Amino acid sequence: MPSLSSISGPTYVTSQLLVQQTAYKLSDKIFSYSPETFDLDIAVKEWAEANEKNVHGETTAVVPLQTRAGAGAFALGYIFSKDFDLAKRHVPQTLLAPSLSLRHLRSSLDQLALLYGVSSPFVAHVAAADYSAENGLGADYATALQIAEDLGLALVSSSSAYEVQHMSLLATLLASVLPTLHIYDGIRTARESLRVVDALGEAHIADIYAKISKEAAALNKRLDTAGKVVELLKAFNSELGTSYAPFEYHGHEAPETVLVVFGSAEAQLAKQVASALAAEGKKVGTIVVRVYRPFVEEAFLEVLPASVRQIAVLGQVADAASVEDANVQSALYSDVLTAVSFTEKLSQAPEVVDVRYAVTDAHTPSSIASIFNKLTSKGEAAPVAFSLTAVEEAQQYVFWDLDNSSAVASASAVGKLLETEQSSNVYVYQTYDNLVQGGVVRTDIRVSQKSIEAPYPVESADVVYVGEEKLLKEIAIVKGVKAGGKLIVRLPNFKEDELEKRIPAAAQKEIQEKGIELYVLDSSSSPALEKEAGLLVDVAFLRVARADITKLDSLSADQTALTEAVNALEQSVRKVEVPAKWAEVENTVAPLVDSVKPNSFVAFQKEEEEETSSLENWQSAAKGFAFKEAYGTQNQLRPDLTVKTYTIKVKENRRLTPTDYDRNIFHIEFDLGDSGLTYNIGEALGIHADNDPEQVLQFIQAYGLNADDLVQVPSREDPTVLETRTVYQSLVQNVDILGKPPKRFFEALAQFATDEEEKKKLERLGSKEGADEFKRLTEEDTVTYVDVLDMFKSAHPDFNDLVRIVDPSKRREYSIASAQAVTPNSVTLMIVVVNWVDTKGRTRYGHATRYLSGLAPGSTITASVKPSVMKLPVKDTAPLIMAGLGTGLAPFRAFVQYRAMQKAQGKEIGSILLYLGSRHQREEYLYGEEWEAYVDAGIITLLGAAFSRDQPEKIYIQDRMRQTVNDIVKAYIKEEGSFYLCGPTWPVPDVTAVLEEAIAAEAQESGRKVDPRKEIERLKEDARYVLEVY
């Protein structure tokens, strides 16, 4: 770790090091909420331990704290302590944290904001970083934007590493006016090593802070907060000679489309892409938001070109579901919409659209260019490929290796050597994916004669090194090599005649087609260097990529070993002639992933022991129940489940279709009793179904288990929870033993096979090469875990290993067909039993639907509630247009029940158009008598039933809608109703087409120009076009 005094002028650093430098120099105390591997406080800790002094002449105290509920209480207690030294009241208190900690700090930040008039200046430097088990690491800005808006905090963003030091300093100065958050990309920008030419040294930071602090103290007291922020920013620019602004425009001088962005990578890419497109004559631009709070509307409107006709807001939301949810708006979109809606500056109000993206979505020049292309295209727009000229002119290298490789540090060593070139700017960034091959490290290196901003992975490398040949079978590595580029593959014990066996077919074809030079590195050819494999990789890479570099001394302190490595190159590295026939190779393997997902900042800690399960007898359980405190025993309802669960009883279970009909659709009603379960209209009921007891007992007997043995296992949902159950209970309730096995099960089971043929077959089924056979087994033969264990009898893991490799039972969710306001003590479902005949002639059943269909009144089940997009309009008088296919009618039964109750109470309700579809009226007119009764009572205005097979020509739900299109025009468009569709996905295009026809017809009638497709998109955003399809 560099000393404080060494950070100055041209120097290689990371953004988070510069943030820590500024924080340490200006703070009294630093409260750190950095998770262990995030390293947000590693430098300040070392400086504090070395007694480095801050600008106030003291050692800054660093207080590491844990992220948990009430996390900020310690900092609050210090700031407002009775014993606080009032002589330090003007000295800033600083917080270092990732954005994932902000949720736990919210209550403390709220209290701080309320008491800020008597507080020390407070600044939080927030690394935008959150973690999702499904998608890995993502730069989370949405949380900070929401908290800043809700609590009235200032929020400043750093666009790049080149300005992060300035923004850290600015945020600390703004803290004299109001509590301030400074946010920067915590995934890539924060951790990429690069050269900053004008890094501020200790003395410069102290001087700037002292001068501008005086100006801050002299600000006009009559200025509002926004005015003070603007004045401070002017003083800051004057002192540093910069031109920072709350909002900064880049692009065409008279754009028609403008993209508004917030965030580090977002800003870097949008301004470069917009400028490049503008240079081509495209009328586009971008506005980078630097100061989000306070949102200075005048400043925003000042940089917004008068020519703009469309404003798109690149707004971050929590996840992919929120991206698709028309009811969700990004925080930034709301501010921009408000600013534009109430201004008189623009002669014509531009359209404002919310281009939402998820926290874990990573941006590239192509993704930003595709957004612009979609916004400026009149019809459908396909994604476009786009590259930044300055980046493509740089030398670009990629290293791929396993994290336990002896040469994994080679990329860093090469990067350090390249940094010694005075005329070059070197960028080094490592990505860790701990889920592929037990741990993969990808290192990107860019070398440029001028400074560049490229916060995204190398897409077209000049040279790529692959340290583990298996990676070529899992990742499309060759795709990332530029045409005519070079590929180095480490192949120990290499033989010429094995080349085609060791290079996968997909890679062979692409190597030939792109004219890539192929080099093989065989370290085994020089046994003396096996322990120095990393050094050999270093010199081999430089020989292939940069033969002009001859001074290699910095690679190793052991010059003898370095000389041996250089001398070994002739026999260890060879250029391989690429056979012309590789161009004709047929690739039968499923498409590979383009790259890896970052899911850690460090290599996988393989020495960490996994908690194991154990089979025990009844005495063990007895001890746990008798001595609960000693054994930590807790009584809980399904402790393995992360959602809140309830126990409810079956009240009624009746079949709706005739017993001789091939589809068993049934109505099941549950008595809620005193369970405490509540639900809203449109929500779904999650059922935690049991496996079939008879089949479980058959498996226990066939597998040689004792049904009454006790097994104590950590829950797969929450590893901190241990539960004790019998083998029988765990197989019935916890383990999905009768479910469909994923590919990883075959791979895991192969480890237990004692028969070589079975082992090879299992390994193949678990690999990409066995994709077709795996698909046949799982989709055509529909095998279960039990079937697979029966097929491969030599693979016989004991029960402890079995519950580790078989997935836990999953809940199944069904739309609720009742309104609790009408039936307060019950909840109803309408379900079809899923059944089919497999390739062996066996009748198979869906796990949960079979379980539910067989439940007798009085049976108890475990259930939970899941929110849904199906929500009634806010206005009771808003019409409902509903289309339900089969059991998709369930939520609409609840809708109609509720509206009927409202009418009975004397309230005015809107019209209801209900369209339903099934095969036959006699067998599948589900709840038909209820619907007709509602029609007679004047609740349902129009009932459009489509029974597709009751006449020679098939009639579907969209046909009934088209026949009554005038009713749809009246209810949906003129009376501003809401449309809902629930059921399978296949009718969506046809049903939407009818709605577009209705929109076009009304527009023609009223003499308006309307694009039906765009109108549907607007209706989605207004939650008036709602789909729940599967």
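Residues numbered from 1 in each chain as written. Predicted model: local features only at pLDDT ≥ 70, side-chain atom pairs only at ≥ 80, totals over all residues. Heavy atoms only, no water.

**Details of the overall build of the protein**
Filter applied, for reference: Every helix listed is a DSSP run of H or I at least four residues long, and every strand listed is a run of E at least two residues long, numbered separately from the N terminus. Each radius of gyration reported is based on C-alpha atoms, and the globular scaling rule is 2.2 Å times the count of residues to the power 0.38. Relative accessibility thresholds used throughout: buried, under 20% of the residue-type maximum; exposed, over 50%; partly exposed, between the two (1.4 Å probe, protein chains only). Calculation of accessible area relied on Shrake-Rupley with a 1.4 Å probe; when residues are assessed, cover is drawn exclusively from the protein chains displayed.
Scanning the protein for helices and strands turns up 38 helices and 39 strands. Taking 1030 residues into account, the globule formula puts the C-alpha radius of gyration at 31 Å, and the protein, at 32 Å, falls close to it. Judged by the C-alpha coordinates and their principal axes, the protein covers about 85 × 80 × 70 Å. Burial analysis of the protein (1030 residues in total) assigns 54% to the buried set. Accessible surface for the protein amounts to roughly 45900 Å². Of this, 49% is attributable to carbon and sulfur atoms.

**Some points on the environment of alanine 235**
As a reminder, the rule being used: In this description, contact between two residues means that some pair of their heavy atoms is separated by no more than 4.5 Å.
Following the sequence through the fold, alanine 235 ends up in helix α8 (residues 225-240). Sequence-wise, alanine 235 and aspartate 662 are 427 residues apart; in three dimensions their C-alpha atoms are separated by 79 Å. Excluding residues within four positions of it along the chain, alanine 235 makes contact with Ile212 and Glu215.

**Comments concerning unusual backbone geometry**
With an omega of 0°, the peptide bond between arginine 293 and proline 294 qualifies as cis. Note that proline 294 resides in the loop between β14 (291-293) and α10 (297-303). The phi angle at asparagine 493 is positive, at roughly 55°, despite the residue not being glycine. You can see asparagine 493 is positioned in the loop between β21 (481-490) and α17 (499-502).

**Things to note about the packing of aromatic side chains**
Rules: Two rings from Phe, Tyr or Trp (for Trp, the six-membered ring) form a pair when their centres sit within 6.5 Å of each other. Planes less than 30 degrees apart are called stacked, planes more than 60 degrees apart edge-to-face, and all others tilted.
Summed over the entire model, instances satisfying the criterion amount to 26 aromatic pairs. On the numbers, 6.4 Å between centres and 35° between planes, the contact of phenylalanine 236 with tyrosine 244 is tilted. Residue phenylalanine 236 shares its accessibility class with tyrosine 244, and that shared class is buried. Ring centres of phenylalanine 295 and phenylalanine 300 lie 5.9 Å apart, and the angle between their planes is 40°; on these two criteria the pair is classed as tilted. Take phenylalanine 295: its relative accessible area is 13%, and that puts it in the buried class. Accessibility expressed as a relative area gives 0% for phenylalanine 300, which makes it buried. Three or more aromatic residues joined by ring pairs make a cluster, and in this case those are Tyr141, Phe247, Phe262, Tyr292, Phe295 and Phe300.

**With respect to the pairing of strand β20 (residues 461-466)**
Keep this limit in mind: When DSSP finds at least two bridges between two strands, those strands are taken to pair.
Burial of β20 is extensive: 5 of the 6 residues sit out of reach of the surface. Relative to β20, strand β17 (residues 395-402) runs parallel, the two being bridged by 4 bridges. Residue pairing across strands places phenylalanine 399 opposite tyrosine 465, the latter belonging to β20. Taken together, the 5 bridges between β20 and β21 define a ladder with parallel strand orientation. Bridge pairing in β21 places valine 466 opposite valine 489.

**Focus on helix α18 (residues 505-513)**
Residue pairs spaced three or four apart in an α-helix point in one direction, given the helix's 3.6 residues per turn. Going by this rule: Read the arc as the range of directions from the helix axis to the C-beta atoms.
Turning to α18, its buried residues number three or more, namely Ala507, Gln508 and Ile511. Considered in projection along α18, the buried side chains sweep an arc of 105° and stay on one side of the axis. Tucked inside the fold, the buried residues of α18 contact β21, α17 and β22 (517-521). Taken from the residues just after α18, glycine 515 is the one with a positive phi, measuring 65°.

**Here we look at the sheet that holds strand β37 (residues 942-947)**
Quick note on the threshold: In this description, a line fitted to the C-alpha atoms serves as the axis of each element, helices being fitted only across the stretch in contact, and the angle between N-to-C directions of two axes falls anywhere from 0 to 180 degrees.
As summarised here, the arrangement of the 5 strands in space is β37-β36-β35-β38-β39, forming an open sheet in which the pairing is parallel. Two strands bound the open sheet, and with one partner strand each, they are β37 and β39 (1025-1029). Strand-to-strand, the axes of this sheet are offset by a mean angle of 10°, without reference to chain direction. Across the sheet, helix α32 (residues 890-904) touches β35 (880-885), β36 (912-918) and β38 (978-983), and the angle it forms with β35 is around 150°. Sheet strands in contact with helix α37 (residues 988-1006) are β38 and β39, and its direction is about 165° off that of β39.

**What to know about the side chain of glutamine 310**
With respect to the element layout, glutamine 310 can be found in strand β15 (residues 310-317). We classify glutamine 310 as buried; its relative accessible area is 12%. The contacts of glutamine 310, once residues within four sequence positions are left out, are Glu256, Thr257, Val258, Pro350, Glu351 and Leu375.

**A few points about the nonpolar core**
Here is the rule we go by: Here, nonpolar core means buried Ala, Val, Leu, Ile, Met, Phe, Trp, Tyr and Cys residues that are tied together by side-chain atoms lying within 4.5 Å of each other.
Phe300, Leu332 and Val336 are the most contacted members of the largest nonpolar core, which has 116 residues in total. Among residues more than four places away in sequence, those in contact with leucine 332 are Leu145, Val260, Val261, Phe262, Val289, Tyr292, Phe295, Val313 and Leu314.

**Focus on the packing of helix α1 (residues 15-26) against helix α7 (residues 202-217)**
Defined as follows: Angular relationships are summarised with four words: roughly parallel below 35 degrees, roughly antiparallel beyond 145, roughly perpendicular across 65 to 115, and oblique for the angles in between. By convention, the crossing between two helices is left-handed when the near helix turns anticlockwise from the far helix through less than a right angle, and right-handed when the turn is clockwise. Side-chain classes are defined by residue name, with Ala, Val, Leu, Ile, Met, Phe, Trp, Tyr, Cys and Pro counting as nonpolar, Asp, Glu, Lys and Arg as charged, and the others, Gly among them, as polar.
For the pair α1 and α7, the least separation of the axes is 11 Å and the interaxial angle reads 60°. With respect to each other, α1 and α7 are oriented oblique. Judged by the twist between their axes, the crossing of α1 over α7 is right-handed. Listed contacts from α7 to Gln21, Thr22, Lys25 and Leu26 of α1 are Glu202, Ile205 and Tyr209. For the contact of α1 with α7, the class distribution of residues is 3 nonpolar, 2 polar and 2 charged.

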